[in-house]
Amino acid sequence: MARIAAKAASGSFRANHCKQETKNKPYTSTDIKNLQLLNMKMLTLLSVFHLLTLCETEISAVAKTTINAIVGEQVLFPVHNQCGAQYEITLLAKSPIHAKLASWGFNTFDKQPKYENRLQRSMNDSVMLQNVQINDTNLYGIQFDCYSTTVTETSETLFDLQVFEPISKPLMRRTCSSANIILSCSVSKGANVTFHWEKLSFSGTIYRTYDGAELVIGHVIEQEQYRCIAGNPVSNASSDPWTIDECNRNHSKGQKLPQMIHNVVASVLLLFLILIVYICCKIKPTAGSISRDNVNEAAVSAGNLRVRVLLAVELDGSM
């Protein structure tokens, strides 16, 4: 027992002695750099967590690329600060409007009044633009100025931000004629919209696609379906499927109606001709009988006249 207690006391003394030596040992430059790096990583993690708690939807911008954002989203402009305690960072709108939006340093943050509630700075000096709108579409630049014993050259990182509205459900219109069918597609909301058409079977299989907002097709016997697909850089939407048989039925009705009208007109004309023939047949015998009576009367008159002439001649001869 005495030996165990002695060993325990000896181990405790060595541990305390090591702790004291470690405590009194001065930090090297490598240790300081490692501590600074650890602090930077912790600040970055804390800032990211802080920004994520500020909003639900966030887009992290990537330098020298186009960032497509939806109206109402938040865009994070990352900053990799490699300066010391003395520096200045400036957020600029570059094109088409050139303006200074904000600037900040170690413990300062100045911004334009209209961005007072929309620009948020994180602990690692990244900045977030909240509730982006269409007019926030711009080329942005973040400038770095490091100050130490000597002033370093200004560096700049560019971000191309494009903000879009999500498109509405496409509206499809059709025009049915005897020659063909014209389908047209449009949306009531959204910009930079492109259109294409999908030809479908009733099972939903895509047979073929066509580009453009308008599609001209012919009358076919097959019962085909078509739908319009609209899209822009941040959203896509499709119309309800439309069946070509709807136009074919109207086309068949349109063809039957002129034929019916033609048949009715022909029937009326035929009845009119029959009536004329009937009237003519009724009128001709009457006209014939009238002519014979007139001839007979004329013949009787001529006979009477002849008798009178003969009597007159006889009377003259007797005298």
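Per chain, residues are indexed from 1 in the order of the written sequence. With the structure being a predicted model, the display of local features is reserved for residues of pLDDT at least 70 and the display and counting of side-chain atom pairs for 80 or more, all residues being used for whole-chain, interface and lining totals. Neither water nor hydrogens contribute to the side-chain values; these are computed over all heavy atoms in the structure.

**Focus on the overall build of the protein chain**
Looking only at helices and strands, the protein chain has 3 helices and 18 strands in total. Here's how the labels work: a residue is buried when its accessible area is under 20% of the maximum for its type, exposed when over 50%, partly exposed in between, all with a 1.4 Å probe on protein chains only. Counting only residues that meet the buried cut, the protein chain has 26% of its 319 residues in that class. A contact between two residues is defined here by any heavy atoms of the two lying within 4.5 Å. In the protein chain, of all internal contacts separated by at least 6 residues, the share reaching a separation of at least 24 is 56%. Each helix corresponds to a stretch of at least 4 residues labelled H or I by DSSP, and each strand to a stretch of at least 2 residues labelled E; elements are numbered beginning at the N terminus.

**Quick word on the state of the cysteines**
Cysteine sulfur atoms are paired as a disulfide whenever they fall within 2.5 Å. If you walk through the whole model with that rule in mind, you get 1 disulfide. Paired by a disulfide, Cys 185 and Cys 228 hold their sulfur atoms 2.0 Å apart. Across the S-S bond of Cys 185 and Cys 228 the torsion is about -90°, and the bridge reads as left-handed. With Cys 185 in strand β12 (residues 181-186) and Cys 228 in strand β16 (residues 225-232), this pair connects stretches of sequence that are 43 residues apart. A disulfide-free cysteine, Cys 280 has its sulfur positioned 6.9 Å from the sulfur of Cys 281, the nearest such atom.

**Observations regarding the nonpolar core**
Residues Phe 77, Leu 91, Leu 129, Tyr 140, Ile 142 and Leu 161 are the most contacted members of the largest nonpolar core, which totals 26 residues. Looking at this core, the elements that each hand over two or more residues are β2 (66-70), β3 (74-77), β4 (87-95), β5 (99-104), β8 (127-129), β9 (138-146) and β10 (155-164). Top contributing element to this core by residue count: β4, with 4 residues. The contact partners of Leu 129, leaving out residues within four places of it in the chain, are Glu 73, Gln 74, Val 75, Phe 77, Tyr 115, Arg 118, Leu 119, Asp 136, Tyr 140 and Leu 161. Within this scheme, the nonpolar core is defined by two criteria: the residues are buried Ala, Val, Leu, Ile, Met, Phe, Trp, Tyr or Cys, and they are joined through side-chain atoms within 4.5 Å. Judged by nonpolar contacts, the second largest core, of 16 residues, contains Leu 183, Ala 230, Ala 237 and Trp 242.

**Re the pairing of strand β14 (residues 206-211)**
For β14, the tally of buried residues reaches only 0 of 6 residues, placing the bulk of the element at the surface. By this definition, two strands are paired if DSSP reports at least two bridges between them. Note: strand β13 (residues 194-200) against β14, 5 bridges, orientation antiparallel. Across the sheet, the residue bridging to Leu 200 is Ile 206, located in β14. In this structure, the hairpin formed by β13 and β14 is closed by a connection of 5 residues, where Gly 204 is found at a positive phi of approximately 95°.

**A short note on unusual backbone geometry**
The omega torsion of the bond from Ser 95 to Pro 96 falls at 0°, within 30 degrees of zero and hence cis. You can see Pro 96 is positioned in the loop between β4 and β5. In this structure, Asp 125 is a non-glycine residue whose phi angle is positive, near 75°. Using a relative accessible area of 3% as the deciding quantity, one classes Asp 125 as buried. The phi angle at Asn 131 is positive, at roughly 50°, despite the residue not being glycine. Checked against the element boundaries, Asn 131 lands in the loop between β8 and β9. A relative accessible area of 39% means that Asn 131 is categorised as partly exposed.

**Brief notes about the sheet that holds β12**
As summarised here, the arrangement of the 3 strands in space is β11-β12-β15, forming an open sheet in which the pairing is antiparallel. Across the chains shown, the open sheet's two edge strands, defined by having one partner strand only, are β11 (171-176) and β15 (214-217). Across the sheet, the mean angle from the axis of one strand to that of its neighbour is 15°, orientation sign disregarded. Two elements, β12 and β15, share 4 bridges in a ladder whose sense is antiparallel. Within β15, the position partnered with Ile 181 by the bridge is Ile 217. To define axes, lines are fitted to C-alpha atoms, for helices over the stretch in contact only, and angles between the resulting N-to-C directions are given on a 0 to 180 degree scale.

**Some details on the pattern of salt bridges**
Throughout this description, the term salt bridge denotes a Lys or Arg side-chain nitrogen within 4 Å of a carboxyl oxygen of Asp or Glu. Across all of its chains, the model carries 6 salt bridges by this definition. Arg 121 is the salt-bridge partner of Asp 125, the closest N and O atoms lying 2.6 Å from each other.

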